Amino acid sequence: MTTAPFPWPRWIVHRGGGDAAPENTLAGMLLAAFAGAKMVEFDVRLSADGVPFLLHDDTLERTTDGHGPADALPWKALSRLDAGAWFSPRFADEPLPSLADAAQLLNDHGLCANVEIKPGPGREADTGARVAADCARLFAGQPQPPLLSSFSVAALAAARDAAPQLPRALLLAEWHDDWLAQAQALSVCAIDLGWRELTAERVAAIHQAGLWLLSWTVNDADTAQALWAMGVDALCTDALALAGQG
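From N to C terminus, the protein includes nine helices and nine strands. Against the 2.2 N^0.38 benchmark of 18 Å for 246 residues, the protein shows a C-alpha radius of gyration of 17 Å, consistent with a compact globule. Across its three principal axes, the protein shows a C-alpha extent of roughly 50 × 35 × 35 Å. Buried residues in the protein amount to 55% of all 246 residues. Long-range contacts, defined as pairs at least 24 residues apart, comprise 58% of the intrachain contacts of the protein with a sequence gap of at least 6.

Below, the structure is given as structure tokens:
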């Protein structure tokens, strides 16, 4: 089976702003928009009181001035953390954004979204369901719907049940033989795989199954050209100069 034309931009900025700004922040997304990028990827998890917000890690230490598990604090406390100073003094006091904040910025600037559902331990189903339901509401009426992705099968299944109309991608940390059975069970439209895991045979198999193929994280033009030639549909990158190509 052949796939329909890929409906999103082929370059996706990793974690909102790539290497130009603190990850998963509104400042990064603004820089991506100003650089000419058309789509950004970012990570969403739940606060202790169930508010979807942007953060990659299970814990707060690496990218904020907070401490401990990210899902142990209510949103009011999380919203007061500094999520920018770790990257550069000029981003000091940049806050953690909520999913609602991020969606408003993206809608205002015409950016497409790849929303990675990043559940904390034991919160796979409720995170997938809440993030999907909120995305369906927050991005309603946009030219392209957000693409939901996750490494968590349970989170993707919950997202499917909560908002079946939204497209989903299965993230794979490594290639495994039951990828197709998982993809079909989850009714995803795409596989998202690290570029070092790709071969021409795997690309062909994914497309033969009627699925699109995204890959991460590609930061140089030569690697990108080789992957385009192989047939990859979209690449996630930290390099805004590449992402500005559309």
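Next comes the rest of the account.
Before going further, it helps to examine the pattern of salt bridges. The final tally for this structure, using the stated rule, is 10 salt bridges. One salt bridge in this structure joins Glu 116 and Lys 118, with 2.9 Å as the shortest N-O distance. Accessibility assignment for this pair places Glu 116 and Lys 118 in one class, buried. Residue Asp 134 pairs with Arg 130 through a salt bridge whose shortest N-O separation is 3.0 Å. Here Arg 130 and Asp 134 lie together in helix α4 (residues 124-138), a separation of four residues that amounts to about one turn. One network of salt bridges, in which partners are shared, links Arg 15, Glu 23, Asp 57 and Arg 62.

According to the stated counting rule, one finds nine aromatic pairs in the structure shown. Between Phe 53 and Trp 75, the aromatic rings sit 5.8 Å apart at their centres with planes inclined by 35°, giving tilted as the arrangement. Here Trp 75 lies in helix α2 (residues 75-78) and Phe 53 lies in strand β3 (residues 52-54), a separation of 22 residues in the sequence. In this pair, the class of Phe 53 matches that of Trp 75, namely buried. An angle of 40° between the planes, with centres 5.2 Å apart, marks the rings of Trp 175 and Trp 179 as tilted. Here Trp 175 falls in the buried class, since its relative accessible area comes to 16%. Through successive ring pairs, a cluster of aromatic residues spans Phe 6, Trp 8 and Trp 212. Seen from the ring of Trp 228, Arg 10 lies directly overhead, with NZ or CZ sitting 4.2 Å from the centre.

Conventions we followed
Residues numbered from 1 in each chain as written. Predicted model: local features only at pLDDT ≥ 70, side-chain atom pairs only at ≥ 80, totals over all residues. Heavy atoms only, no water. Helix = DSSP H or I, 4+ residues; strand = E, 2+ residues; numbered from the N terminus. Rg over C-alpha atoms; globule rule 2.2 N^0.38 Å. Buried < 20%, exposed > 50% of the residue type's maximum accessible area, 1.4 Å probe, protein only. Contact = heavy atoms within 4.5 Å. Salt bridge = Lys/Arg side-chain N within 4 Å of Asp/Glu carboxyl O. Phe/Tyr/Trp six-rings, centres within 6.5 Å; stacked < 30°, edge-to-face > 60°. Lys NZ or Arg CZ within 6 Å of the ring centre and 35° of its normal.

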